[in-house]
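Each chain, written out:
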Amino acid sequence: MTLLSVLVIPPTLAFADDDEAEDIVENLGWVAVGAGIVANIPFIAMNKIRRYALKTGSSTIQVAKQIRTIYKPILNFHIMLNSIGYFAGMTHGLLLVRHLDSVSLSLAIVMSVMMISGLLLKYTSSRNSKIFGKLLHGQFGLVILLAALVVLYIAIGDD
Amino acid sequence: MKPISIVFVLLIMMSMIYMIPTAYAEEDDEEDRIGSGEMKREREQEHQDEGIPIGTEIGNVILYGTIAAIGASVVYTAFKIKSSKRKSSSKS
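Note that the structure is predicted; figures quoted are calculated from it, not measured.

**Brief notes about the overall build of chain A**
A tally of helices and strands in chain A yields 6 helices and 0 strands. For chain A, with 159 residues in total, the buried portion stands at 25%.

Dropping the structure here:
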């Protein structure tokens with residue numbers, strides 16, 4: 001995906017006129033937002049339902065078992081879409097680096113922290129790092145902060 | 001090569017591919033506009049376009065608030081792991 005974006009986006013921008021290039025950069029931002037919403041809302045909802053089903057007891061345990069069978073494909077979907085969103089967002093940021101402000105910088109930092117903790121969770125073999133990655137990646141405060149910064153960034157961009 | 005190393009190498013490559021042509025393009029544009037005053041006006045316009053610039057009071061609050069929130073969540077996570085380890089070691 002990264003290779004594809006590296007091969008496709010720079011020539012497109014080089015041959016496009018100013019308005020088209022601006023549209024492409026703007027669309028990259030919307031791709032990042034869309035990918036983030038599609039990747040995270042169903043995944044978070046699924047995890048909440050699974051936890052609730054396990055907590056409530058015997059009648060809903062069947063639901064938790066069913067969710068467990070589809071957990072792996074949904075996790076892969078979550079990782080894939082979030083990676084696309086991250087790279088699209090970072091490319092959008094790099095192309096608009098001349099307009100860098102505190103909201104976009106904060107957004108880039110939070111996105112990178114979430115991505116690094118996700119990579120740590122996926123690829124590390126050490127037990128401690130895995131627990132650390134899991135707890136940090138699932139911090140509700142960070143998710144709220146990320147959503148608030150995205151909303152603020154869009155609101156400022158629209159003005 | 002580990003997948004994580006491949007991701008980092010690709011990231012570095014990607015940032016270089018975008019930065020080098022952009023830097024050259026900006027130089028050419030600047031040469032064309034020197035003396036006309038257009039550059040100055042454009043810079044002023046860019047500063048007006050920026051949402052919440054870095055260095056302003058609100059900008060600093062957002063930026064340092066974000067960094068503080070990330071730091072706090074990292075410390076909280078580490079504290080949580082340490083306290084759970086202490087509990088498990090005291091039980092055994």
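Having seen the model, we can carry on.
**Section: the environment of B:I62**
The topology assignment puts B:I62 in helix α3 (residues 57-91). Separated by 19 residues in the primary sequence, B:I62 and B:I81 place their C-alpha atoms 29 Å from one another. Each residue touching B:I62, except ones within four places of it in the same chain, is listed here: A:S102, A:V103, A:S106 and B:I52.

**What about the nonpolar core?**
Nonpolar side chains tend toward joint burial in soluble globular proteins. Judged by nonpolar contacts, the single largest core of 23 residues is most densely connected at A:A88, A:V103, A:L107, A:V110 and A:L149. Elements with a minimum of two residues in this core: α2 (18-56), α3 (61-95), α4 (102-123) and α6 (140-158) of chain A together with α3 of chain B. Per-domain counts for this core show at least three residues from each of domain 1 (1-97) and domain 2 (100-159) of chain A. Ignoring sequence-local partners within four residues, the contact set of A:V103 consists of A:L149, A:L152, A:Y153, A:I156, B:G51, B:I52 and B:I62.

**Some remarks on the environment of B:P53**
By secondary structure assignment, the location of B:P53 is in the loop between α2 (38-49) and α3. The class of B:P53 is partly exposed, set by 14 C-beta atoms lying within 10 Å. When sequence neighbours within four positions are dropped, the list of residues in contact with B:P53 reads A:D101 and B:G59.

**Some details on helix α5 (residues 127-137) of chain A**
Looking at α5(A), one finds that the buried residues are A:F132, A:G133, A:L136 and A:H137. All buried residues of α5(A) fall inside an arc of 120° around its axis, so they share one side. Looking at α5(A), the residues exposed on the side facing more than 90 degrees away from the buried face are A:R127 and A:N128. Buried positions along α5(A) lie against α4 of chain A together with α3 of chain B.

**Comments concerning the domain arrangement of chain A**
Many authors give the size of an interface as the accessible area that is lost as the parts come together. All names here are of chain A. Along its sequence, chain A is carved into domain 1 (1-97) and domain 2 (100-159). Counting residues at the interface gives 7 residues for domain 1, matched by 8 residues for domain 2. Among the elements that take part in the side of domain 1 that touches domain 2, α3 stands out by supplying 5 residues, more than any other.

**Some details on the confidence of the model for chain A**
Considering every residue of chain A, the mean pLDDT works out to 85; 87% of them sit at 70 or more. Within chain A, the lowest mean pLDDT, 60, falls on helix α1 (residues 2-15) of chain A, and the highest, 91, falls on α4(A).

**Quick notes on the confidence of the model for chain B**
Keep in mind that low pLDDT regions are not for reading the predicted coordinates in detail. Residues and elements named next belong to chain B. Mean pLDDT over chain B stands at 73; residues scoring 70 or higher make up 54%. When mean pLDDT is taken per element in chain B, α3 scores highest with 87 and α2 scores lowest with 60. Taken over the whole predicted complex, pTM reads 0.71, whereas the ipTM for its chain interfaces reads 0.75.

**Regarding the environment of A:N82**
Residue and element names in this part refer to chain A. Note on placement: N82 falls in helix α3. For the pair N82 and V33, spaced 49 residues apart in sequence, the C-alpha to C-alpha distance is 9.8 Å. Once residues within four sequence positions are removed from consideration, N82 is found in contact with A35, G36, A39 and G118.

**Some remarks on the packing of α4(A) against α5(A)**
Helix-helix packing is characterised by the crossing angle of the two axes and by the distance between the axes. Residues and elements named next belong to chain A. In contact at an axis separation of 8 Å, α4 and α5 are set at 145° when each is read in the N-to-C sense. Our pair here, α4 against α5, has a crossing hand that is left-handed. On α5, the residues touching M114, S117, G118, L120 and L121 of α4 are S129, K130, G133, K134, L136 and H137. Its residues placed into classes, the contact of α4 with α5 shows 4 nonpolar, 5 polar and 2 charged.

**Details of the packing of α4(A) against α3(B)**
Interaxial distance between α4(A) and α3(B) falls to 8 Å at its minimum, and their mutual angle equals 10°. Looking at the two axes, α4(A) sits roughly parallel to α3(B). Here A:S102, A:V103, A:L105, A:S106, A:I109, A:V110 and A:V113 of α4(A) come into contact with α3(B), specifically with B:G59, B:I62, B:L63, B:T66, B:I67 and B:I70. Here the contact of α4(A) with α3(B) is built from residues that sort into 9 nonpolar, 4 polar and no charged.

The rules behind the values
- Residues numbered from 1 in each chain as written.
- Chains lettered and ligands numbered in written order.
- Predicted model: local features only at pLDDT ≥ 70, side-chain atom pairs only at ≥ 80, totals over all residues.
- Helix = DSSP H or I, 4+ residues; strand = E, 2+ residues; numbered from the N terminus.
- Buried ≥ 20, exposed ≤ 12 C-beta atoms within 10 Å, placed from the backbone.
- Contact = placed C-beta atoms within 7 Å.
- Core = buried A, V, L, I, M, F, W, Y, C linked by C-beta atoms within 7 Å.
- Domains from an automatic or database assignment.
- Arc of directions from axis to C-beta.
- pLDDT = per-residue confidence, 0-100.
- Axes fitted to C-alpha atoms, helices over the stretch in contact; angles between N-to-C directions.
- Left-handed = near helix turned anticlockwise from the far one by under 90°.
- Nonpolar A, V, L, I, M, F, W, Y, C, P; charged D, E, K, R; others polar.
- Parallel < 35°, antiparallel > 145°, perpendicular 65-115°, else oblique.

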